[in-house]
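Residue-level structural notes
Next come the chains, spelled out residue by residue.
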Amino acid sequence: MKRFRRHGQESHRDKLKQELYQFNKTVEHGFPHQPSALGYSPSLQLLAIGTRSGAIKLYGAPGVEFMGLHEENAAVTRVFFLPNQVELVTLLDDNNLHMWTLQAHQGLSELLEIGRFTLTGPPGAPPSVTRITAVLAHSSGELLLLGTEGGHVFVVEVPGFRELEDKNISLEAVQSRAPEGRRNLESVEDLQENPLNPRQVLVGYGRGLMVLWDLDVKCAVQHFMGSQLESVWWMPDGEHILSSHSDGSYCRWMVNGEDTQNEPEKEVPYGNFPCKAITKIIQLPTTRGPPFLIFSGGMPRASYGDRHCISVISGKTHVALDFTSRIIDFFVIGEGERQKGNPSALVVLVEEELVVVDLQTEGWPIIQTPYLVPLHSSAITCSHHVSGIPLKLWERLQTAGKLQKTHYSSKPWPLIGGKNLSPDPPQRDLLLTGHEDGTVRFWDASGVCLYPMYKLSTASVFQTDADLNDNMNQGLEGEWPPFRKVGCFDPYSDDPRLGIQKIHLCKYSGYLAVAGTAGQILVLELNDESLEQSVEGTLVDLLQGQEGFRWKGHARLEEREESVNFPPGFQPFALIQCQPPAVVTALTLHSEWKLVAFGTSHGFGLFDYQQKNTVLVRCTLNPSDQLAMEGPLSRVKSIKKSLRQSFRRIRRSRVSMRKQHTNNAAKLQEINARMEAEALQEMELAPVQRKIEARSSDDSFTGLVRALYFADSFLSDSTHNTPSLWAGTNGGSIFAYTLRLPPTERRAEEPVTAHPAKEIQLMHRAPVVGLLILDGRGAPLPEPLEVAHDLARSPDMQGSHHLLVVSEEQFKVFTLPKVSSKMKLKLTAVEGSRVRRVSVAWFASSRTEEYGENGLVVLTNLGDLHVLSLPHIKMQVHYPCIRREDISGIASCVFTKHGQGFYLISPSEFERFSLSARWVVAPKCLVEAPHQASTSSGKHHKSRAQPDGVAVGHRGESEDGESSARRVMEHALLNDEQVLKEIQKSLEGDQTTHLENNLKIKAASGVMSNGGELPQNID
């Protein structure tokens, strides 16, 4: 018999759901995966990064972020802003140009794609004629000069993308005036504009010929006869040119009006031995001393050909900045409003990080980045989120973190474009990431920027395989070239046993527990002073003397016998070593009871970290589970070992890592994700439509501990509550122990004891993913010390408590203390999905502060998110979130206490999402167009301010009324619909038609905003 609800009840609940739940992917934290292009706008003070996947990301002041995505799955090869405008142009490797703009919408700026253009050559011309190899955005903001592989330079008017054929610089026109013997030009390698006379551009060809071309006269003014060319730089005085070449040399040229100038004496910075090409060179004057000469490449080929270096020379100071990944591009930020003053910062984009060098402080230190931090400096192995950090703990962490950053510059962040309009975060949140090298990094996750606060290293506690002398970070005194290691990306871990697998932080007491790959568990406390001590380990035998088992995996880590000096911050005071040393799969800490529980594939244990003794050990290993004795590391040991050996060999022989570098971090991340997936889901099958079937007790890893939970509830009878520990395994078994805690005054002397109380076996033997006890009101029990700090109300101990067991396949509620089944919800009966992550979250109403609900947030192996009501376990909402093929993303997902979450979309990026209609952290920012110089109507051409502040006209011939109206209309079409309508009325129909044919606006072309909704059309 079907049950019917009244229409009013149903609509009321639906309305309430809209006030509680709303799914949004809000912001991407970290460093863009596989960057391929860099751009900068001095007038907007915005940075742009393009990636190989076709993404374009803009960054300004902290909190000012924009993201767009091209429809085409093509790499971004160039990105450049139009001078003094809010438009930028991207060039993809499919040879298409795309126009983007920052358009204001309801008080916030959005990044919109507004046009695209494909360069077309003469009929029958080969593709090389139009294959773009160099781009110059003219200072007028109205022209693009496109150099091609065939040697032609096309001039295109923007924003309409209209080719100005009469201004093109054809290959034939250049060859006809080129000196004898230099008419084989090859491709256009670089284009530069005269900083004092924008009518003149310098065209650099691959074979070394450079041509000074006058756009008005349409002819070559001067020829420079060089060798194989890499790049060109026109110095700010307008009288000198620098050219860099493929043999590691550079030349200085005079712009003196002579028709032909032969190559002057070459300067080779790093000696007469064969050197690699100098791919880019710039020189900037200073008022305080000698100029800055900055170039990339040029290293001696035989000795240092594998180094990724940028050299900075100023007077007698010469430094070769040595990066750990390939250099994409760099630029220099200057002082002053128009940034034409003394150089203040060097910004370098490499494949794995962004590095900013302070050029005004002695020693040229690095400036700490407030965003774009490489999360994957060592591969991420686990994550842990803590909401609502108390101010005292926050300040202590900040103090400890500042002591680790004394080598950074004190200068403020130089990129300050845009306005961050996001409200201040309502609370302080921490995201903790565990890494393969044994570090735990603390990130400020309160707002849009994921800012590094503090780094904890656990390697100093152990004797590892790492060769401490094998250190590339220190240059030798008097070494030439004068290398200086910069950047923090260093993914090499010589001992994978150090990898962090589980983290648990108590925000009230400051106790932290971290567990690793080799069965090690460290308990740490926050200390404001440095401390020298040795950490004594406690060995816990999880096999309990069972015979017939032989561990085939890695050996355990040996702790150091000598004292170790621990700096201020988290310092270890207890070490538990599981035997066999398998990966720790579950960890929880109760700071009020001073207990920590841990589990592996062999069993679980309970440790009293106040008295430093073992309270409980339980072996969960099935006699038929021989696979658990191999250890998850052994199945990938050969891959990890070969990777490790390769890294060491690379370090010692300095063989080029260019081809391997892109994939190594991704490999390590994938390996770590698969380690967990294999250990926890050995019997994983492809999702199919099926019904729940009973699993055999002979399945592998049935004894693996998946969930551990502390609770103060009713186990023995319904009148006396008692502390308890609950454990769930991969075979569907649940173990409950009552804990006897001595009174507070005798806690340090009397032992804590544990006694078996309950044992439950799920009928279908599905792996237990989570355990939760609900109080008499149906609310989850509060965290340890949460009630004592008046941050949660006391649990209801009058009504009956219930145990919620979350398995991979269903949710089941049991009454306590009888443990009788009350209700259940099957998740996999139809869809075939399995639960991978589960957490409790508080969903506050977006309409009123007085109302909110607890919900159970669930992530499945299909990448879907579900929210279930508590205590009735009813499905509320369902959203697709992660691609089912993205195993690493699903395995890395972590939820917050307020309905948000994070998961890895690449080895270096977290995607942040929100299920809450009220708690949403997303960029909200505004970028205003820079102040425009007043225009002049003399001779019918406009005068704009150049980036360097020099106002000049860019057109040499008169403009008729039609051309002027066309440009006005184009800008109106991009900015104001009302103005557009007025102009359309005053123009002839043929003009309007001509404009519409040239201005290709696509409203639905992969637009991403900075937090607003996708626009339906572009006005």
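As a starting point, this report considers the structure included with it. Chains are numbered independently. Their residues run from 1 in the order of the written sequence. Side-chain atom pairs in this predicted model are given and counted only at pLDDT of 80 or more, local residue features only at pLDDT of at least 70, and totals for whole chains, interfaces and linings cover all residues. Water and hydrogen atoms play no part in the side-chain values, which are based on all heavy atoms of the structure.

For the rest of this paragraph, the subject is the environment of Arg 207. Checked against the element boundaries, Arg 207 lands in the loop between β15 (200–205) and β16 (209–214). Each C-alpha atom of the pair Arg 207 and Glu 186 lies 6.1 Å from the other, and the pair is 21 residues apart in sequence. Whether two residues are in contact is decided by their heavy atoms, any of which lying within 4.5 Å being enough. Residues in contact with Arg 207, not counting those within four places in the same chain, are Arg 182, Asn 184, Leu 185, Glu 186, Gly 226, Ser 227 and Gln 228. Two N or O atoms form a polar contact when they lie within 3.5 Å of each other; inside protein one atom must be a possible hydrogen donor and the other a possible acceptor, and for residues adjacent in sequence the pair counts only when both atoms belong to side chains. Side-chain polar atoms of Arg 207 contact the side chain of Glu 186, separated by 2.9 Å. Helix and strand assignments come from DSSP, with helices taken as H or I runs of at least 4 residues and strands as E runs of at least 2, each series counted from the N terminus.

In this section: the packing of aromatic side chains. Stacked, tilted and edge-to-face pairs are distinguished by plane angle, under 30 degrees for stacked and over 60 for edge-to-face with tilted covering the rest, among Phe, Tyr and Trp rings (Trp via its six-membered ring) whose centres lie within 6.5 Å. Under the criterion given, the structure shown has 25 aromatic pairs. Members of the aromatic cluster, each reached through a chain of ring pairs, are Phe 23, Tyr 879, Phe 895, Tyr 903 and Phe 913. Over the ring of Phe 330 we find Lys 280; its NZ or CZ atom is 4.8 Å from the centre of that ring. Here, over-ring charges are defined by two tests on the NZ atom of lysine or the CZ atom of arginine: distance to the ring centre within 6 Å, and angle to the ring normal within 35 degrees. The lysine or arginine in question, Arg 307, covers the ring of Phe 483, its NZ or CZ lying 4.2 Å from the ring centre.

Note on definitions: salt bridges are taken to be side-chain nitrogens of Lys or Arg within 4 Å of carboxyl oxygens of Asp or Glu. Scanning the entire structure with this criterion turns up 36 salt bridges. The salt bridge involving Lys 280 is made with Asp 329; its shortest N-O contact spans 2.9 Å. Of this pair, Lys 280 sits in strand β22 (residues 278–284) while Asp 329 sits in strand β26 (residues 327–334), and the two are 49 residues apart along the sequence. A salt bridge links Arg 307 to Asp 322; the shortest N-O distance between them is 2.6 Å. Remark: Asp 322 occurs in strand β25 (residues 317–323) and Arg 307 occurs in the loop between α3 (301–304) and β24 (308–314); sequence separation between them is 15 residues. The network of salt bridges with common partners includes Glu 71, Glu 72, Glu 113 and Arg 116.

Okay, unusual backbone geometry next. Omega for the bond connecting Val 158 with Pro 159 falls within 30 degrees of zero, at 10 degrees, which places this linkage in the cis form. Within the secondary structure layout, Pro 159 lies in the loop between β12 (153–157) and β13 (162–163). Here Leu 870 and Pro 871 are connected by a cis peptide whose omega angle stands at 10 degrees. With respect to the helices, strands and loops of the structure, Pro 871 is situated in the loop between β58 (864–869) and β59 (875–880). In this structure, Lys 612 takes a positive phi of about 60 degrees despite not being glycine. Looking at the secondary structure, you find Lys 612 in the loop between β46 (603–608) and β47 (613–619). Owing to a relative accessible area of 44%, Lys 612 belongs among the partly exposed residues under this scheme. Relative accessible area decides the class of each residue, using a 1.4 Å probe on protein chains only: under 20% of the type maximum gives buried, over 50% gives exposed, and in between gives partly exposed.

Turning to helix α4 (residues 391–403), a few remarks are in order. By this rule, a helix spans an expected 1.5 Å times one less than how many residues it contains. Helix length check: α4, at 13 residues, gives a terminal C-alpha distance of 19 Å against a target of 18 Å (1.5 Å per residue), a fit within 8%. Those residues of α4 that sit buried are Leu 393, Trp 394, Leu 397, Ala 400 and Gly 401. Buried positions in α4, seen along its axis, are confined to an arc of 130 degrees and lie on one side of it. Exposed residues on α4 whose side chains face more than 90 degrees from its buried face are Lys 392, Lys 402 and Leu 403. In the core, the buried residues of α4 are packed alongside β31 (430–435), β32 (439–444), β33 (451–457), β38 (520–527) and β43 (569–579). This arc corresponds to the set of directions leading from the helix axis out to the C-beta atoms.

Soluble globular proteins: nonpolar side chains tend toward being buried together. Counting residues in hydrophobic clusters, the biggest one holds 37 residues, and the most contacted among them are Ile 294, Phe 323, Leu 346 and Leu 359. Counting residues per element, the ones that place at least two in this core are β22, β23 (292–297), β24, β25, β26, β27 (343–350) and β28 (353–358). Apart from the residues lying within four places of it in its own chain, the contact partners of Phe 323 are His 308, Ile 310, Val 348, Val 350, Val 355, Lys 485 and Val 486. Take the buried Ala, Val, Leu, Ile, Met, Phe, Trp, Tyr and Cys residues and link them wherever side-chain atoms come within 4.5 Å; each set so joined is a nonpolar core. The next biggest cluster of nonpolar side chains, apart from the first, holds 33 residues, and it includes Leu 762, Val 768, Leu 856 and Leu 868.

Quick look at the sheet that holds strand β48 (residues 705–713) now. Strand pairing is assigned whenever DSSP identifies at least 2 bridges connecting the two strands. The 4 strands lie next to each other as β48-β49-β50-β51, forming an open sheet whose pairing is antiparallel. The sheet terminates laterally at β48 and β51 (753–761), the two strands that pair on one side only. Across the sheet, the mean angle separating the axes of adjacent strands is 20 degrees when strand polarity is ignored. With 8 bridges joining them, β48 and strand β49 (residues 722–729) adopt antiparallel strand pairing. When the sheet's bridge partners are listed, Ala 707 is paired in β49 with Gly 728. Every axis corresponds to a line fitted to the C-alpha atoms, with the helix fit spanning only the stretch in contact, and the corresponding angles, defined between N-to-C directions, vary from 0 to 180 degrees.

By the element assignment, Leu 741 lies in the loop between β50 (733–740) and β51. Assessed through its relative accessible area of 24%, Leu 741 is described here as partly exposed.

Turning next to the pairing of strand β29 (residues 380–386). Counted residue by residue, β29 has 6 buried out of 7 residues, so it is predominantly covered. Bridge count for β29 against β31 is 6 bridges, and the pairing is antiparallel. Of the residues in β31, the one forming a bridge with His 384 is Leu 432.

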